[in-house]
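Coordinate inspection notes
Listed here are the chains, written in short residue letters.
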Amino acid sequence: MRFTGRYNPYSRVGPGNLVTALRALIAAAVETADLVLVSDYAKGVCDAAVCRAAIERATSRGIPVIVDSKAADYAVFRGTSLITPNRHEAATAAGFSIR
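Read on for a plain summary of the structure. (Residues numbered from 1 in each chain as written. Predicted model: local features only at pLDDT ≥ 70, side-chain atom pairs only at ≥ 80, totals over all residues. Heavy atoms only, no water.)

**Notes on the overall build of the protein chain**
Across its full length, the protein chain carries 3 helices and 5 strands. Counting from the amino terminus, helix and strand elements in the protein chain follow one another as β-β-α-β-α-β-β-α. Across the 99 residues of the protein chain, 26% fall into the buried class. In the protein chain, the share of contacts with a sequence separation of at least 24, taken over all contacts with a separation of at least 6, comes to 42%. (Helix = DSSP H or I, 4+ residues; strand = E, 2+ residues; numbered from the N terminus. Buried < 20%, exposed > 50% of the residue type's maximum accessible area, 1.4 Å probe, protein only. Contact = heavy atoms within 4.5 Å.)

**Details of the nonpolar core**
Residues Val 30, Val 36, Val 38, Ala 58, Val 65 and Phe 77 are the most contacted members of the largest nonpolar core, which totals 16 residues. Looking at this core, the elements that each hand over two or more residues are α1 (18-30), β3 (36-40), α2 (48-60) and β4 (65-69). Counting residues per element, this core draws most heavily on α2, which supplies 5 residues. When sequence neighbours within four positions are dropped, the list of residues in contact with Phe 77 reads Cys 51, Arg 52, Ile 55, Val 67, Ser 69, Ala 71 and Ile 83. (Core = buried A, V, L, I, M, F, W, Y, C linked by side-chain atoms within 4.5 Å.)

Next comes the structure, spelled out in structure tokens:
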């Protein structure tokens, strides 16, 4: 996988180093961010370690964090500013039907 910045190769990452690389990229990006948006479609990229790294880095700098996730366990997102589930996602996370 290759990450790019301003149309130039930024870094190349092998499968074993993906989480480490994502954490480093997140840490660097948060330094200049005004807001962090975690948009997770449950495909495995935004695992708990990556999400926590983004949330902790942002909140330590006083940067708001908004989460849009299909995850069923919202405990990972503790400390965020806003979580935006749809009705089905909220019901799954809550463990009961929402009308």
